[in-house]
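Structural features, examined
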Protein chains: 2
Amino acid sequence: MDRTQLLKGVLDIAVLATLRDEDGYGYDILRRLRAAGFDDVGDASVYGTLRRLFQAGHLVTYVVASDSGPHRKYYSLNQSGRLQLKLAAETWRDFSATMDRLLAD
Amino acid sequence: MDRTQLLKGVLDIAVLATLRDEDGYGYDILRRLRAAGFDDVGDASVYGTLRRLFQAGHLVTYVVASDSGPHRKYYSLNQSGRLQLKLAAETWRDFSATMDRLLAD
DNA sequence: TGACAGTACTTCGCATTGCGGAGTAGCGTG
DNA sequence: CACGCTACTCCGCAATGCGAAGTACTGTCA
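Quick caveat: nothing in here was measured; it's all calculated off a predicted structure.

**As for the protein's contact with DNA strand D**
Neighbouring DNA strand D are 27 residues, the closest being A:K8, A:S45, A:R52, B:R72 and B:K73. The side chain of A:S45 places a nitrogen or oxygen atom 2.4 Å from a phosphate oxygen of DNA strand D. Between a phosphate oxygen of DNA strand D and a side-chain N or O atom of B:Y47, the distance comes to 3.2 Å. Among the elements of the structure, α1 (4-7) and α4 (43-55) of chain A together with α3 (26-36), α4 (43-55) and β3 (72-77) of chain B are those that each provide at least two residues to the surface near DNA strand D. When residues of the surface near DNA strand D are assigned to their parent elements, the largest contribution, 4 residues, is made by α4(A).

**Here's the deal with the pairing of β3(B)**
Residues and elements named next belong to chain B. Relative to β3, strand β1 (residues 24-25) is paired through 2 bridges, and the arrangement is antiparallel. Looking at β3, one finds that Y25 is bridged to Y74. Two elements, strand β2 (residues 59-64) and β3, share 6 bridges in a ladder whose sense is antiparallel. Each residue of the ladder has a partner; that of T61, found in β3, is Y75.

**Let's talk about the UniProt feature "domain: Transcription regulator PadR N-terminal" (unreviewed entry) in chain A**
As recorded in UniProt, the sites labelled "domain: Transcription regulator PadR N-terminal" (unreviewed entry) are residues 15-86 of chain A. Across residues 15-86 of chain A, the secondary structure splits into 50% helix and 19% strand, with the terminal C-alpha atoms separated by 13 Å.

**Quick notes on the interface of chain A and chain B**
Note: interface size is frequently given as the accessible area lost on complex formation between the parts. Across the boundary between the two partners, chain A contributes 37 residues, which contact 37 residues of chain B. When chain A packs against chain B, close to 3400 Å² is buried across both sides, 73% of that on carbon and sulfur atoms. The largest per-residue losses of area from chain A upon contact with chain B belong to A:L6, A:F95 and A:L103, which jointly make up 22% of the total buried on that side. The interface formed by chain A and chain B contains 0 salt bridges. Applying the counting rule to chain A against chain B returns 4 residue pairs in polar contact (both at pLDDT 80 or more). Every element with two or more residues in the side of chain A that touches chain B is listed here: α1, α2 (11-18), α3 (26-36) and α5 (79-104) of chain A. Examining the composition of the side of chain A that touches chain B, we find that 18 residues originate from one element, α5(A), more than from any other. Here the side of chain A that touches chain B is composed, by residue class, of 20 nonpolar, 8 polar and 9 charged.

Rules behind the numbers
- Residues numbered from 1 in each chain as written.
- Chains lettered and ligands numbered in written order.
- Predicted model: local features only at pLDDT ≥ 70, side-chain atom pairs only at ≥ 80, totals over all residues.
- Heavy atoms only, no water.
- Near = heavy atom within 4 Å.
- Polar contact = N/O pair within 3.5 Å; in protein donor to acceptor, adjacent residues only side chain to side chain.
- Helix = DSSP H or I, 4+ residues; strand = E, 2+ residues; numbered from the N terminus.
- Pairing = 2+ DSSP bridges.
- UniProt positions renumbered as here; feature names shortened; annotations may be inferred.
- Contact = heavy atoms within 4.5 Å.
- Buried area = accessible area lost by both parts, 1.4 Å probe.
- Salt bridge = Lys/Arg side-chain N within 4 Å of Asp/Glu carboxyl O.
- Nonpolar A, V, L, I, M, F, W, Y, C, P; charged D, E, K, R; others polar.

The structure is reproduced here in structure tokens:
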């Protein structure tokens, strides 16, 4: 089964969730997501999602130089982002509950 | 929150699930889905999904005349469809479990 | 020194899929 | 006869995940 389509509309929630407790930069968020179970998520998907969330005003960014590689663009949730995470998590729970009922019969 | 994107990749599983116990025609499946909690699913989405599932060989169809309206094109799960439902349901459970863990912290 | 791998990010265009709108058609009601 | 409900089809759009390519910095190893 291809899980690509399942990720649609979920990746933004997942990215917000990975930033809830700690700021992160794109490559790091990618690793966190893969470690969390989204093994096959593409890098461009994460960067694109971060860009969209930033443009929507849910994230703020700051650049930090690294001594072991190129610079890192950190992302952090602002108040709007935390609200968005809360709303999105509720939407997800409603949605998945509906789906579970349908599958359970 | 817009649930449109969340439906992607899930609608086919949901449609298969509505056909598990009883054959149905497009308009009827639409009503079942809306009754099950997918209030805002569009009719064209359901018809499109049925067409894709049929083309993939998961469904068989037969037409039945109706005495109160136009003809009805019934869809029924075949063996491939039942297998697909089983696999898709597992994929969904894995996926949603991963998501729940991420949101739960 | 030079090739390579890992880190880190960006841009481009493609594929999938849900959806709105329009159209066709049959039936019953006012 | 206009309207509304049922039932289906087709068209084109929008959102989004993804692969591929490119840029660039660092450290390792031959």
